[in-house]
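Examining the three-dimensional arrangement
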Amino acid sequence: MTLEESPHLVLGRVRFLLECIQYFRETKPLPESLCYVPKDVYYKICRDSQSVIYTGKNYIPVWESPRLSKKISKFIKFKIELRKGACIRATGEEYLNSYGLWVKMNKEQMEEYKSGCQLEEGWIVLGRNADGWNRLQPVESLDRIQNEQLLYGYGHKTVNRWEQVVDAKYSHIAGQNIKIAEMDEVAVKRLRYIPPNWTYECDEDLIHYLHDAKDRETENFSNVSQYLEKIEVSSEEGEASARLTDGLSETYWQSTSCEKPHWIRLHMKKNVIIKKLILLMDEMDSSFLPKKVNVYGKQSNDLKILNEIEIDNSSYLSGEACVLEFMHIFMPTIEIHILECEAGGMDTRIRGLKIIPQTLNVGMGTDVNADIFQSSNLTHYPKLARVEPDVLYQRAIVILRFSKILGNIITHLIPAWNYSIGTFLQLRYIRQFFLLIKQRSPLIVQLLKDTESESPAVLPNVVINRRLALKHRENPSFDPSYNNSIFSQMYFGLKYSKEIQTPLNYRWSARYTQWWKCTFVLENMIDGGGGFRESLSDISEELCPSQMDGPLPLPFFVRTSNQGNDTGESRDTYVPNPSCKDFAKYEWIGQLMGAAFRGNEFLVMAFPPIVWKQLTGEAVSWNKDYLAVDFMLVKLLETLEEIDEEAFEFQFGNELTYTTMLSDQRVVDLIPGGSHIPVKYEDRKEFIQLVQKARLQESRKQISAMKAGLVKVVPHIALSLLTWQEIEKKICGDPEITVEEIKKKAEYLDLEATDRRVTFLWEALTNFTNAMKSLQMHFQNLLPVPEPSTSQTIQVHRCVKRNYAMQPITACQ
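Residues numbered from 1 in each chain as written. Predicted model: local features only at pLDDT ≥ 70, side-chain atom pairs only at ≥ 80, totals over all residues. Heavy atoms only, no water.

The next thing to look at is the overall build of the protein. Across its full length, the protein carries 27 helices and 29 strands. Every one of the 813 residues in the protein was classed for burial, and the buried ones make up 47%. Intrachain contacts of the protein at a sequence separation of at least 6 include 71% that bridge at least 24 residues. Put simply, the protein shows about 40,500 Å² of open surface, and 50% of that area lies on carbon and sulfur atoms. (Helix = DSSP H or I, 4+ residues; strand = E, 2+ residues; numbered from the N terminus. Buried < 20%, exposed > 50% of the residue type's maximum accessible area, 1.4 Å probe, protein only. Contact = heavy atoms within 4.5 Å. Areas by Shrake-Rupley, 256 points an atom, 1.4 Å probe, with all protein chains shown as cover.)

Judged by pairing direction, the sheet is antiparallel, and its five strands sit side by side in the order 11-13-18-15-16 without closing on themselves. In the strand order of this sheet, the two ends are held by strand 11 (228-233) and strand 16 (302-310), each with one partner. Along the sheet, successive strands turn relative to each other by an average axial angle of 20 degrees, direction set aside. In terms of strand pairing, strand 11 meets strand 13 (residues 262-268) through five bridges, oriented antiparallel. Pairing of Glu232 across the sheet is with Arg265, part of strand 13. (Pairing = 2+ DSSP bridges. Axes fitted to C-alpha atoms, helices over the stretch in contact; angles between N-to-C directions.)

Next up on the list: a negative patch on the surface. Taken together, the side chains of Asp644, Glu645, Glu646, Glu649 and Glu682 make up a negatively charged region of the molecular surface. Under the relative-accessibility criterion, Asp644 is labelled partly exposed at 45%. (Patch = residues over 30% accessible without salt bridge, like charges linked within 9 Å, V, L, I, M, F, W, Y side chains within 5 Å. Salt bridge = Lys/Arg side-chain N within 4 Å of Asp/Glu carboxyl O. Lys, Arg positive; Asp, Glu negative; His and termini not counted. Charge placed at Lys NZ, Arg CZ, Asp CG, Glu CD.)

This part takes up the pairing of strand 14 (residues 274-280). Bridge analysis of strand 14 against strand 20 (residues 352-357) gives six bridges, and the strand direction is antiparallel. The partner of Leu280 across the bridge, within strand 20, is Gly352.

Our focus in this paragraph is the pattern of salt bridges. One pass over the structure, following the stated rule, counts 41 salt bridges. A salt bridge links Arg190 to Glu93; the nearest nitrogen and oxygen atoms lie 2.7 Å apart. Of this pair, Arg190 sits in helix 5 (residues 185-192) while Glu93 is found in the loop between strand 4 (88-90) and strand 5 (94-96), placing the two residues 97 residues apart along the sequence. Given a relative accessible area of 27%, Arg190 falls into the partly exposed group. Shared partners join several salt bridges into a network, and the residues in it are Lys39, Asp40, Arg89, Glu108, Glu112 and Glu182.

In this fold, Lys613 is placed in helix 17 (residues 609-616). By relative accessible area, Lys613 is classed as buried at 6%. At 2.9 Å, the side chain of Lys613 forms a polar contact with the side chain of Asp625. Those residues in contact with Lys613 that sit more than four places away from it in its chain are Glu618, Ala619, Val620, Lys624, Asp625 and Trp724. (Polar contact = N/O pair within 3.5 Å; in protein donor to acceptor, adjacent residues only side chain to side chain.)

Here we come to the sheet that holds strand 8 (residues 136-139). Think of a sheet as strands paired side by side through backbone hydrogen bonds, with each pair either parallel or antiparallel. Spatially, three strands are ordered 4-1-8 in an open sheet, and the strand pairing comes out antiparallel. Both outer strands of the open sheet, strand 4 and strand 8, are each paired with one neighbouring strand and no more. The sheet shows a mean angle of 40 degrees between the axes of neighbouring strands, direction not considered. Bridge count for strand 1 (residues 41-45) against strand 4 is three bridges, and the pairing is antiparallel.

To continue, consider the confidence of the model for the protein. On average, residues of the protein score 83 in pLDDT, and 84% of them are at 70 or above. When mean pLDDT is taken per element in the protein, strand 24 (residues 574-576) scores highest with 96 and strand 29 (residues 809-812) scores lowest with 44. Low pLDDT, under 50, characterises residues 361-365; the predicted model gives this stretch 19 contacts beyond four residues in sequence or across chains. Across residues 801-813, where pLDDT falls below 50, the model places 35 contacts with residues more than four positions away in sequence or in other chains. (pLDDT = per-residue confidence, 0-100.)

Its place among the elements puts Gln489 in helix 13 (residues 486-495). A polar contact of 2.7 Å, which involves the side chain of Gln489, links it to the backbone nitrogen of Asn465. The contacts of Gln489, once residues within four sequence positions are left out, are Val462, Val463, Ile464, Asn465, Ala469, Asn483 and Asn484.

Below, the discussion takes up the nonpolar core. Core analysis: the biggest nonpolar cluster contains 163 residues, and Met593 and Met605 have the highest contact counts within it. Tallying contributions element by element places helix 10 (residues 389-413) first for this core, with twelve residues. Within the second largest apolar cluster, 35 residues are counted, among which are Ile231, Val233, Leu279 and Ile338. (Core = buried A, V, L, I, M, F, W, Y, C linked by side-chain atoms within 4.5 Å.)

Quick look at the packing of aromatic side chains now. Each aromatic ring pair is specified by the distance between its two centres and by the angle formed by the two planes. One pass over the full model with this rule turns up 32 aromatic pairs. Plain terms: the ring middles of Tyr491 and Trp588 are 5.5 Å apart, the flat faces sit at 70 degrees to each other, and that makes the pair edge-to-face. With Tyr491 in helix 13 and Trp588 in helix 16 (residues 583-598), this residue pair connects regions lying 97 residues apart in the sequence. Pairing Phe607 with Trp612 gives two aromatic rings, centres 5.4 Å apart and planes at 50 degrees, and the pair type is tilted. Taken together, the ring pairs in this structure connect Tyr482, Phe487, Tyr491, Phe492, Phe556, Phe557, Tyr586, Trp588, Phe607 and Trp612 into an aromatic cluster. Positioned over the ring face of Phe520 is Arg466, at 3.8 Å from the centre of the ring. (Phe/Tyr/Trp six-rings, centres within 6.5 Å; stacked < 30°, edge-to-face > 60°. Lys NZ or Arg CZ within 6 Å of the ring centre and 35° of its normal.)

Moving on, we get to empty space enclosed by the protein. Tallying each qualifying case throughout the model produces six cavities of 30 Å³ or more. Taken as a whole, the largest cavity holds about 100 Å³ of empty space. Elements with a contribution of two residues or more to the lining of the largest cavity: strand 24, helix 17, helix 21 (684-696) and helix 22 (700-713). Broken down by element, the lining of the largest cavity gets its largest block of residues, three residues, from helix 17. (1 Å grid on protein atoms, 1.4 Å probe; cavity = no way out; pocket = protein on both sides within 12 Å on 5 of 7 lines; lining within 4 Å. Points joined across faces, edges and corners; volume = space filled by probe spheres on them.)

A few words on the packing of helix 1 (residues 7-26) against helix 10. Look at helix 1 against helix 10: their axes get within 10 Å of each other, and the N-to-C directions meet at 135 degrees. The angle between helix 1 and helix 10 falls in the class oblique. Once helix 1 is placed against helix 10, the crossing between them reads as left-handed. Note on element contacts: helix 10 touches helix 1 through Arg395, Ile399, Phe402, Ile405, Leu406, Asn408, Ile409, His412 and Leu413, opposite Val10, Arg13, Val14, Phe16, Leu17, Cys20, Ile21 and Phe24. Split by residue class, the contact of helix 1 with helix 10 holds 13 nonpolar, two polar and two charged. (Parallel < 35°, antiparallel > 145°, perpendicular 65-115°, else oblique. Left-handed = near helix turned anticlockwise from the far one by under 90°. Nonpolar A, V, L, I, M, F, W, Y, C, P; charged D, E, K, R; others polar.)

With that settled, consider the state of the cysteines. What makes a disulfide is a covalent bond joining the sulfur atoms belonging to two cysteines. For the structure shown, the criterion picks out zero disulfides. Here Cys544 is not disulfide-linked; the sulfur of Cys732 is the nearest cysteine sulfur, at 8.4 Å. We classify Cys544 as buried; its relative accessible area is 7%. (Disulfide = S-S within 2.5 Å.)

Moving on, we come to unusual backbone geometry. What you tend to see is this: most non-glycine residues have negative phi, and most peptide bonds are trans. With phi around 55 degrees, Ala343 is a residue other than glycine that occupies positive phi space. Positioned with a positive phi, Asp566 is a non-glycine residue whose angle comes to about 55 degrees. By secondary structure assignment, the location of Asp566 is in the loop between helix 15 (561-565) and strand 24.

On to the packing of helix 12 (residues 466-474) against helix 14 (residues 530-543), then. The packing of two helices is summarised by the inter-axis angle and the distance between the axes. One way to put it is that helix 12 packs onto helix 14 with a least axis distance of 12 Å and a crossing angle of 15 degrees. Between helix 12 and helix 14, the crossing angle belongs to the class labelled roughly parallel. Pair helix 12 / helix 14 crosses with left-handed handedness. Residue-level contacts link Arg466, Ala469 and Arg473 of helix 12 to Glu534, Asp538, Glu541 and Glu542 of helix 14. Looking at the contact of helix 12 with helix 14 residue by residue, the class counts come to one nonpolar, no polar and six charged.

Take the pairing of strand 1 next. Along strand 1, five of the five residues are buried, which leaves the element largely enclosed by surrounding structure. Of the two faces of strand 1, the one lined by Val41, Tyr43 and Ile45 and the one lined by Tyr42 and Lys44 are each fully buried. Bridging between strand 1 and strand 8 involves four bridges; their strand directions are antiparallel. Note on strand 8: the bridge partner recorded for Lys44 is Gln137.

Rendered as structure tokens:
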């Protein structure tokens, strides 16, 4: 029974999610149903991956541990002789590493094959990565089924998968006689284990690490050519192979014959078994889009159909259509036949192919590889690096299980999101889990498509005087109304433009690449898009200047205390000015951010995480988020809370009053007449709470105005499906500073690029976190990293002596 067919299952899973959310937030052991592992699973030998049962004699080695060294033979403790038609009984606890997929046997199960076995647990290999498929496959034991039917009746149903156990425990469907198979208590205990000092922030770090690992895996799969010997097409061969495999959305193969079917023939490299074969499309190709597709496989001269698919609108919107998945055997040749095109079109247009190869078929567990959790891979995740790799692996399994349940019911939750005042608002606490949900991308694409509007028929023209704007930027005190700024000239120019009959709503397709055109005073420039992009860049620079020591041209944002004090993280960021009440312009800023989100332009807004979280509705916390705004204040309040009375009186006396300084440097009362009321030792915790509340809410109205503009352009529901990091990246571009970008702009003065000292330099920077790289670049006046199109370079030279004042990056002797 599917979720669509049973509201009981949906409600049960909602109850389950809410319980898990509470456990995650409070760092409690997760429910047993989420961590369920069956105690008994039966396996048989398969001669090939089509599950043909092998009836010969085989010897299955039992290993002491799946964590192998180079001398793997010493870990084999004994071998099981598997006779004709026999099964191996093991647990459902699986372990996946680079060697292969393992399953655990407990002491009782091993005693069946070797009496007096001294091992508490042993491990057998279900399948090796080198083979690409499982040698041992789980099967139902007829004896066990018959015994259970005699014991519980023929209407009895036993469940032994964790998803089934979740539904059985939380759905409460009347009239169903469901029994849960006995669980492996040791395995369940491992999955429920919480390591010392573990917090929800550690779970968030682990989620991001899993997401990053998935991205790296996708990048590895992006080179389709590595899996293909060659490509043939039905017509217009020429550069077809390159166009289908170059990874560029601008290029495509287009058939030139009106005769159908059009086809693409893939000659696969040896032993590449397809897990997913995906056609890449562009929804703007209209009648060229493939509609009805058949996929065939060829072994020897035998061509047999593997799949028939009719591509729907959601695939067109997402730009991807999976036409074949979960193959279990190697097919030397795959043929894709396009039988029909959208709207009766004659020819087809395919913009690329994506192939994900089959690895091992993981049954009870998950396909995360335990080897990725070695401490050497966790340099950028210090909280995780202190935890045992196997503990991280077990925690990753339950996180991925939870994410799977969340993804399965997300479509049932989203329509009610805006109208929920309790239950579904809990999801904002686990926004980071959305990174692992595959169902959300097509949802977001659909939401943006449904709210898209027609682009303006005529581009509005705005007259800009950049000389006046430059003078204003150099000395804003000459123009307190900031009317000469690019921002104001754009704001009023668009507001009163003759070409605009109604206010711009900015909800255009990403294909609308120029929102306005600029006429620059005393500059001989025809704006074909460059002037527009320059104006957007100028607005970003005026709102959040990249130079940390210059005047602020506009009043909308102020530097964080961290930037002023040169302490803590995010020293180059800005927060909304609590004193600025020009909410209409804050709303326009939000609209520009929304337009950048929908389009392909960037509006670089240097905000700390707390501002992005408030814009997107994520939960914020003082201890975690305000460190990036005012590090010294957070530490001061921590000290104040822990201080003893004698030290308090000595340090503060009657000088500490019920006031606090906001980010705009205004001192405000925390209570009526607070500047005249000293804080007493016994009231210090109340004072701390008042300070935290005042600082957390100081820019609340300004952020609300920005958010009002943002959601006018981007549906609130779409924002709710994304993390603040993803929204920041979509609006501002990637904030990560990569070593590769620095290398590209490196100029070597008195040493070669191959010098070992240069190698050590790049290795050191590679191990830096992004915050550390940002501090390094700022220290040496190298941010922002020069754009590839500019001639600006980063100098790398030999350091003869320790000179900490030097500006270029140095490779020391």
